[in-house]
Amino acid sequence: MPKLRLPYFDLSAEALTGLRSVKSYLENSALNKTLLEWVYLRVSQINGCSFCLKLHSKALRAAGENNERLDSLAGWHSNPLFSEQERAALQWAESLSQIATTHAPDADFDILNKYFNEQEISDLTFAIANMNALNRVAIAMRQ
C-alpha cells in the first residue's frame with residue numbers, strides 16, 4: 001500500500017470538517033441512508049477510491065445488503081436487482097461523476113422527478129458532489 005503523501009486531515013482540518021459536515025447534513029436529510037450508501041459506493045467505484053470502496057461496502061453490509069447486489073453494482077444498468085429509484089440515483093451519480101464528458105444531460109436529470117422531490121434532488125446532487133470531492137482528496141493523498 002502506498003504511503004500517505006500528506007497528513008491532509010491535520011493540515012486542512014477545517015476544510016475536511018466542512019466536507020464531513022455536508023455528509024452529516026445528508027445523513028439527516030429525507031434521502032434514504034441506504035440509497036446514499038449505494039450512491040457513495042458507485043461514485044467511489046467510478047473514481048477508483050479503494051479507501052471509500054471498503055468503507056461504503058462495509059456500511060451497506062451492516063445495513064443488511066447482500067453480496068449479490070454489492071457484486072452487481074458496477075453492472076446495475078442491466079441488473080434487475082436495483083429499484084427504479086435506485087437506478088435513477090445511480091444514473092445521476094454516474095452523470096455527475098463523469099461530468100466532463102456527460103455534461104449532466106437533461107434526460108438523466110428529468111428521470112429524478114419521478115422518484116424524488118426538489119429538495120431530495122438537490123440533496124442527492126450535493127451527496128454526489130461531496131463524495132467526488134472526498135474521493136479525489138483520498139486518492140490524491142494516497143489514503
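See above for the structure.
For the structure given in this document, a descriptive report is provided here. (Residues numbered from 1 in each chain as written. Predicted model: local features only at pLDDT ≥ 70, side-chain atom pairs only at ≥ 80, totals over all residues. Heavy atoms only, no water.)

1. Quick look at the packing of helix H3 (residues 33–47) against helix H9 (residues 118–140)
So the rule is basically this: Under this scheme, a helix contributes an axis fitted over its contacting stretch, all axes are lines through C-alpha atoms, and angles between N-to-C directions fall in the 0 to 180 degree range. By the criteria applied, helices consist of DSSP H or I runs no shorter than four residues and strands consist of E runs no shorter than two, each listed in order from the N terminus. Any angle that is under 35 degrees is reported as roughly parallel, and any over 145 degrees as roughly antiparallel; angles of 65 to 115 degrees are reported as roughly perpendicular and all others as oblique. By definition, turning the near helix anticlockwise from the far helix through less than a right angle yields a left-handed crossing, and turning it clockwise yields a right-handed one. Throughout, a residue-residue contact means that at least one pair of heavy atoms, one from each residue, lies within 4.5 Å. Ten residues, namely Ala, Val, Leu, Ile, Met, Phe, Trp, Tyr, Cys and Pro, are considered nonpolar, four, namely Asp, Glu, Lys and Arg, are considered charged, and the remaining ones, Gly among them, are considered polar.
Where H3 meets H9, the axes come as close as 9 Å, and the angle between the chain directions of the two elements is 40°. The angle between the axes of H3 and H9 places the two elements in the oblique class. Regarding H3 and H9, the two cross each other, and that crossing is right-handed. Taken together, the residues of H9 that come into contact with H3 (itself represented by Leu 36, Val 39, Tyr 40, Val 43, Ser 44 and Asn 47) are Leu 124, Ala 127, Ile 128, Met 131, Asn 132, Asn 135, Arg 136 and Ile 139. A class-by-class count of the residues in the contact of H3 with H9 yields nine nonpolar, four polar and one charged.

2. Description of the state of the cysteines
Quick reminder of the rule: Only a pair of cysteine sulfur atoms within 2.5 Å counts as a disulfide in this structure description.
Taken as a whole and assessed by the stated rule, the structure comprises zero disulfides. Here Cys 49 stays unpaired: no disulfide links it, and the sulfur of Cys 52, its closest cysteine neighbor, is 3.4 Å away.

3. Details of the layout of surface pockets
For clarity, the threshold we go by: In this analysis, the protein atoms alone were mapped onto a 1 Å grid. Cavities are point sets where a 1.4 Å probe fits without being able to get out; pockets are open sets with protein on both sides within 12 Å along at least five of seven lines; lining residues have an atom within 4 Å of a point. Grid points are joined across faces, edges and corners, and a volume is the space filled by probe spheres set on the points.
One number sums up the size of the largest pocket: a volume of about 250 Å³. Lining the largest pocket are 14 residues; nearest its centre among them are Leu 16, Arg 20, Phe 51, Leu 134 and Gln 143. For the lining of the largest pocket, the secondary structure elements donating two or more residues are helix H1 (8–11), helix H2 (13–27), helix H4 (50–62) and H9. The residue inventory of the lining of the largest pocket, partitioned by class, reads ten nonpolar, two polar and two charged.

4. Side note on the side chain of Glu 94
As a reminder of what qualifies: As used in this structure description, the phrase polar contact means that two N or O atoms lie within 3.5 Å; if the pair is within protein, one of them must be able to donate a hydrogen and the other to accept it, and residues adjacent in sequence are counted only when both atoms belong to side chains.
Position of Glu 94 relative to the elements: it lies in helix H6 (residues 84–97). Separated by 2.9 Å, the side chains of Glu 94 and His 77 make a polar contact. Not counting the four nearest positions on each side in its chain, Glu 94 is found in contact with Arg 42, Ile 46, Trp 76 and His 77.

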